[in-house]
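So you can see what is in the structure, the chains are spelled out below.
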Amino acid sequence: KPRPEIDVQAIKNKYGIGAQDRVILTTSGSQGTGLSQTTIQALTEDYEGDLRHDEDHLRKIKVIVVCGKNQQIYDTLRTKFVGNSNIVVLGFANMEELYAIADVCITKPGGLSTVEALRWNVPLIISHHLPGQEELNAEYLESKALIMPEPINLEEEAIEEAGEHAFRTRLVSN
């Protein structure tokens, strides 16, 4: 299925994201399971929030958290991160739009979300998986170099990929 035409800057504007800012998308499926507040917090605390773009410009790291229909985690995260302009917390969202602006996605290896992200050449970092099919998906995708290897430090690797696009470059040529 071809990718739809999406105005990337309009979508970034919709979520308060600057043109040069980098986006780390975190998803956990429609149930919103497996989201770690610690990981989300670390993506904003362990990193000062700026990536050098050139001598005169800094890029910000923005984190978009998609909670699906898990209203409890949505409410908890909205409360916890209120006032933090580097974190956008969403329930259900237009994933095509989010994949179009994402520099990297932290997720579980569900079939549909994996295929959608790969269609947009979004590097995937697998944060967790459910036993059974998702475990097999992760093994297969890693064997084909379609997902980033299991991270030693998830937060650092997500930030590094968002800034440098090293895995995305390999993914596009794969």
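Here, every reference points to the structure presented above.
Residues numbered from 1 in each chain as written. Predicted model: local features only at pLDDT ≥ 70, side-chain atom pairs only at ≥ 80, totals over all residues. Heavy atoms only, no water.

*Asks:* Describe the overall build of the protein, listing the residues and the values that go with them.
*Replies:* Each helix and strand counted, the protein has eight helices and six strands in total. Helices and strands appear in the protein in the N-to-C order α-β-α-β-β-α-β-α-β-α-β-α-α-α. Every one of the 174 residues in the protein was classed for burial, and the buried ones make up 48%. Contacts spanning at least 24 positions in sequence make up 65% of the contacts within the protein whose residues lie at least 6 apart. Entry remark: accessible area of the protein is about 9200 Å², with carbon and sulfur atoms responsible for 49%. (Helix = DSSP H or I, 4+ residues; strand = E, 2+ residues; numbered from the N terminus. Buried < 20%, exposed > 50% of the residue type's maximum accessible area, 1.4 Å probe, protein only. Contact = heavy atoms within 4.5 Å. Areas by Shrake-Rupley, 256 points an atom, 1.4 Å probe, with all protein chains shown as cover.)

*Asks:* Could you give me a rundown of the pattern of salt bridges, with the residues and numbers involved?
*Replies:* Under the counting rule described, the total for this entry stands at four salt bridges. For glutamate 96, the salt bridge goes to arginine 119, with nearest N and O atoms at 2.1 Å. In this pair, glutamate 96 sits in helix 4 (residues 95-101) while arginine 119 sits in helix 5 (residues 111-119), placing the two residues 23 residues apart along the sequence. On the basis of relative accessible area, glutamate 96 is assigned to the buried category, the value being 17%. Measuring nitrogen to oxygen at the nearest pair gives 2.3 Å for the salt bridge that ties lysine 108 to glutamate 134. Of the two residues, lysine 108 sits in the loop between strand 5 (104-107) and helix 5 while glutamate 134 sits in helix 6 (residues 133-143), which places them 26 residues apart along the sequence. The exposure classification of lysine 108 matches that of glutamate 134, with both residues buried. (Salt bridge = Lys/Arg side-chain N within 4 Å of Asp/Glu carboxyl O.)

*Asks:* Describe the environment of isoleucine 61, naming the residues involved and giving the relevant values.
*Replies:* With respect to the helices and strands, the residue isoleucine 61 is situated in strand 3 (residues 58-66). On the basis of relative accessibility, which here comes to 3%, the residue isoleucine 61 falls in the buried class. The spacing of isoleucine 61 and isoleucine 17 is 44 residues in sequence and 9.1 Å in space, taken between C-alpha atoms.

*Asks:* Would you mind going over a negative patch on the surface in detail, with residue names and values included?
*Replies:* Together, Glu135, Glu139, Glu142 and Glu150 line one region of the surface with negative charge. Note that glutamate 142 resides in helix 6. A relative accessible area of 38% means that glutamate 142 is categorised as partly exposed. (Patch = residues over 30% accessible without salt bridge, like charges linked within 9 Å, V, L, I, M, F, W, Y side chains within 5 Å. Lys, Arg positive; Asp, Glu negative; His and termini not counted. Charge placed at Lys NZ, Arg CZ, Asp CG, Glu CD.)

*Asks:* Describe helix 7 (residues 154-164), and please don't skip the residues or the numbers.
*Replies:* Listed as buried for helix 7 are Leu154, Glu155, Ala158, Ile159, Glu161 and Ala162. When helix 7 is viewed along its axis, its buried side chains cluster within an angular range of 165° and face the same direction. With respect to the buried face of helix 7, the exposed residues turned more than 90 degrees away are Glu156 and Glu164. The N-cap of helix 7, judged by a side-chain oxygen 3.2 Å from the amide nitrogen of glutamate 155 a few residues on, is asparagine 153. Positive phi shows up at histidine 165, right after helix 7, with a value of about 60°. (Arc of directions from axis to C-beta. Polar contact = N/O pair within 3.5 Å; in protein donor to acceptor, adjacent residues only side chain to side chain.)

*Asks:* Which residues make up the side chain of aspartate 103, and what values go with them?
*Replies:* Assignment of secondary structure puts aspartate 103 in the loop between helix 4 and strand 5. Here arginine 22 takes part through its side chain, which lies 3.1 Å from a polar atom of the side chain of aspartate 103. A distance of 2.7 Å separates the side chain of aspartate 103 from the side chain of histidine 165, its partner in a polar contact. In contact with aspartate 103, not counting residues within four places along its chain, are Asp21, Arg22, Val23, Pro123, Glu161, Ala162, His165 and Arg168.

Fair warning: the whole summary comes from geometry, so function is off the table for now.
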